[in-house]
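The lines below spell out each chain.
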Amino acid sequence: MLGMVGRGAGFWLAMASVAVTSMALLHPPRVEDADGIRTTTAERLETETWWPTMATAPLNAYAGTKTCEGCHAQEVATSPPSSMQRAAEVLSGPDFLKGRQAATYKNAPYTYTLSATATGIEYGVTDGGHTVERKLDWVIGAGELGRTFVYENEGKWFQSEASFYTASGGLMDETTGLSQKMGTTLSTALGQELSAADARSCFGCHTVHPTTANGFNPSHAEAGLGCEACHGPAKAHVSLAGMKAGGSVAHATGGVFNPAKLSPADSIDFCGACHRASADVAGMQTSTAMVRFQPYRLEESKCWRATQDAKLTCVACHDPHAPVVREVSTYDKHCLACHSAGAASEHAGKVCPRSPNQCVTCHMPKVNIASMHGDFTDHFIRVVKAGEGFPR
């Protein structure tokens, strides 16, 4: 599914139990086999007190992002909203199509259309003689690259055959990652049915608490990745803060998970729960599409393998509470913390002989994925050799 960089069918897949009265911040030892293969996300979900996409806490254990904003306004009310906050949207009105080009995609013998109605967005397919339409329920993806649509029909969830791609001016094209076998009826040509596991995984990486101890029900999900997607159910934390003098969150450090306390390796795997870490891609056939799995690519880097330094984790360069910074020079300070003369680091590295500026343009090259109409930054940090193929 376009916009989905998590676990499962196509390019994605994959919430579990948590003690809501008091959440321990200790973690079991890392599990590695003789070949050094790290713990998979599936195993993490069985062993950790909290991990992204866990699903067995009850719905009433969650407080909601709006509640968190009362004490954490700086982290919540970012402007513009971060891509994580925009990871999914409920299509409840026609405004989604405003300002877009004609929403039509042709893939003979079918033509796909999006149209605004008084109650929402209708997604349809026609073979020239007959038409099938469905009211769209959700749009998945922040729109940095594109967005895919998800709809429910007769109790089953489907992803649209066509997606919006930002680089092409917002025009529709075939959804990346779908089965290459075109549907033989209008209903099957309209979209591909998601298995129950895939539907849970789709919503698990793009919304908060679509699956809980109460079961899978996206109608009660919080759109986008709010606070509790990473910090776990926060109702106990909110209650604890309320009991403190003045209700100050500064005195309420219990009842919620703090990813900042993770080891560097665990921190990368934490992000990899949706973005995929090394253990999650083990055995997959290498292709340029794997450049989308940033934690896995980062773990392939010589810098990481040699040091597992906290300065090389995902959150060392990217603030999960803020929009992604696109100006490449802003990342130089992270590289130069080790790769500069007299770097105050126990893992000081070689100094680049070419330039101390815009390091990522050379050492984290862009990779184009034609089917996705866009370029991805390869987080495999390395000296790129001329003419080399896409490295595993």
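Structural data are supplied above this passage.
Calculation notes
- Residues numbered from 1 in each chain as written.
- Predicted model: local features only at pLDDT ≥ 70, side-chain atom pairs only at ≥ 80, totals over all residues.
- Heavy atoms only, no water.
- Helix = DSSP H or I, 4+ residues; strand = E, 2+ residues; numbered from the N terminus.
- Buried < 20%, exposed > 50% of the residue type's maximum accessible area, 1.4 Å probe, protein only.
- Polar contact = N/O pair within 3.5 Å; in protein donor to acceptor, adjacent residues only side chain to side chain.
- Contact = heavy atoms within 4.5 Å.
- Phe/Tyr/Trp six-rings, centres within 6.5 Å; stacked < 30°, edge-to-face > 60°.
- Lys NZ or Arg CZ within 6 Å of the ring centre and 35° of its normal.
- Salt bridge = Lys/Arg side-chain N within 4 Å of Asp/Glu carboxyl O.
- Disulfide = S-S within 2.5 Å.
- Expected span 1.5 Å × (residues − 1).
- Pairing = 2+ DSSP bridges.

Caption draft 1: Main features of the side chain of Ser-301. Residue placement: Ser-301 occurs in the loop between helix H10 (294–299) and helix H11 (302–307). Judged by its relative accessible area of 0%, Ser-301 is buried. Within polar-contact distance, the side chain of Ser-301 engages the backbone nitrogen of Ile-381 at 2.8 Å. Ignoring any residue separated from it by four or fewer positions in sequence, one finds Ser-301 in contact with His-379, Phe-380 and Ile-381.

Caption draft 2: Representation of the packing of aromatic side chains within the structure. Enumeration according to the criterion identifies 10 aromatic pairs in this entry. A ring pair is formed by Phe-149 and Phe-164, whose centres lie 5.8 Å apart and whose planes are at 75°; its orientation type is edge-to-face. In this pair, Phe-149 is assigned in strand E7 (residues 146–153) and Phe-164 in strand E9 (residues 162–165), connecting sequence segments 15 residues apart. Side by side, Phe-149 and Phe-164 carry an identical accessibility label, which is buried. Among the aromatic residues, those joined into a cluster by ring pairs are Tyr-105, Tyr-112, Tyr-123, Tyr-151 and Phe-158. Here the basic side chain of Arg-382 rests over the ring of Phe-380, its NZ or CZ set 5.0 Å away from the ring centre.

Caption draft 3: View of the pattern of salt bridges. One pass over the full model with this rule turns up 13 salt bridges. Among the salt bridges present, the one from Arg-86 reaches Glu-144, with a minimum N-O distance of 2.9 Å. Taken together, the residues Arg-86 in the loop between helix H3 (73–76) and strand E1 (88–90) and Glu-144 in the loop between strand E6 (138–140) and E7 connect sequence positions 58 residues apart. Overall, Arg-86 belongs to the partly exposed group, its relative accessible area being 27%. What makes Glu-144 partly exposed here is its relative accessible area of 43%. One salt bridge connects Arg-297 with Asp-378, and the closest N-O pair in it is separated by 2.9 Å. With Arg-297 in helix H10 and Asp-378 in the segment after strand E17 (374–377), this residue pair connects regions lying 81 residues apart in the sequence. Just as Arg-297 is buried, Asp-378 falls in that class too. Here the salt bridges do not stand alone but share partners, grouping Arg-44, Glu-48, Asp-266 and Asp-269 into one network.

Caption draft 4: Summary view of the environment of Ala-282. Mapped onto the secondary structure, Ala-282 falls in the loop between helix H9 (278–281) and H10. The exposure class of Ala-282 is partly exposed, given its relative accessible area of 43%. When the C-alpha positions of Ala-282 and Thr-40 are compared, they lie 9.2 Å apart, and in sequence the two are 242 residues distant.

Caption draft 5: Representation of the state of the cysteines within the structure. Scanning the entire structure with this criterion turns up 1 disulfide. Disulfide pairing is shown between Cys-205 and Cys-274; the S-S distance is 2.4 Å. Taking the sign of the torsion about the S-S bond as the criterion, the disulfide between Cys-205 and Cys-274, at about -95°, is left-handed. Of this pair, Cys-205 sits in helix H5 (residues 196–206) while Cys-274 sits in helix H8 (residues 264–275), and the two are 69 residues apart along the sequence. Looking at Cys-205, the relative accessible area reads 7%, which means it is buried. Residue Cys-202 stays outside any disulfide, its sulfur separated by 8.6 Å from that of Cys-205, the closest cysteine. By relative accessible area, Cys-202 is classed as buried at 1%. You can see Cys-352 has no disulfide; the closest cysteine sulfur is in Cys-359, sitting 6.8 Å from it.

Caption draft 6: Spatial organisation of H8. The terminal C-alpha atoms of H8, which comprises 12 residues, lie 16 Å apart, in line with the 16 Å expected from a rise of 1.5 Å per residue. With 9 of 12 residues buried, H8 is to be regarded as a mostly interior element. Positive phi appears at Arg-276, one or two residues downstream of H8, with a value of about 75°.

Caption draft 7: Focus on H5. Buried residues dominate H5, accounting for 8 of its 11 residues. Within the sequence span of H5, burial applies to Asp-198, Ala-199, Ser-201, Cys-202, Phe-203, Gly-204, Cys-205 and His-206.

Caption draft 8: Representation of the pairing of E7 in the model. Counting buried positions along E7 yields 6 of 8 residues, so the element is predominantly enclosed. Note that E6 and E7 share 3 bridges and pair antiparallel. By the bridge assignment, Ile-140 is partnered in E7 with Thr-148. Linking two consecutive strands that pair antiparallel, namely E6 and E7, is a turn of 5 residues; a positive phi of about 115° is found at Gly-141 within it. Of the pairings in the sheet, the one linking E7 to E9 comprises 2 bridges and is antiparallel in character. Within the sheet, the bridge partner assigned to Arg-147 lies in E9 and is Phe-164. Sheet topology note: the E7/strand E8 (residues 156–160) ladder contains 4 bridges and is antiparallel. The residue of E8 that forms the bridge with Tyr-151 is Phe-158. Remark: 2 residues form the turn of the hairpin made by E7 and E8, two consecutive strands paired antiparallel; Glu-154 in that turn has positive phi of roughly 55°.

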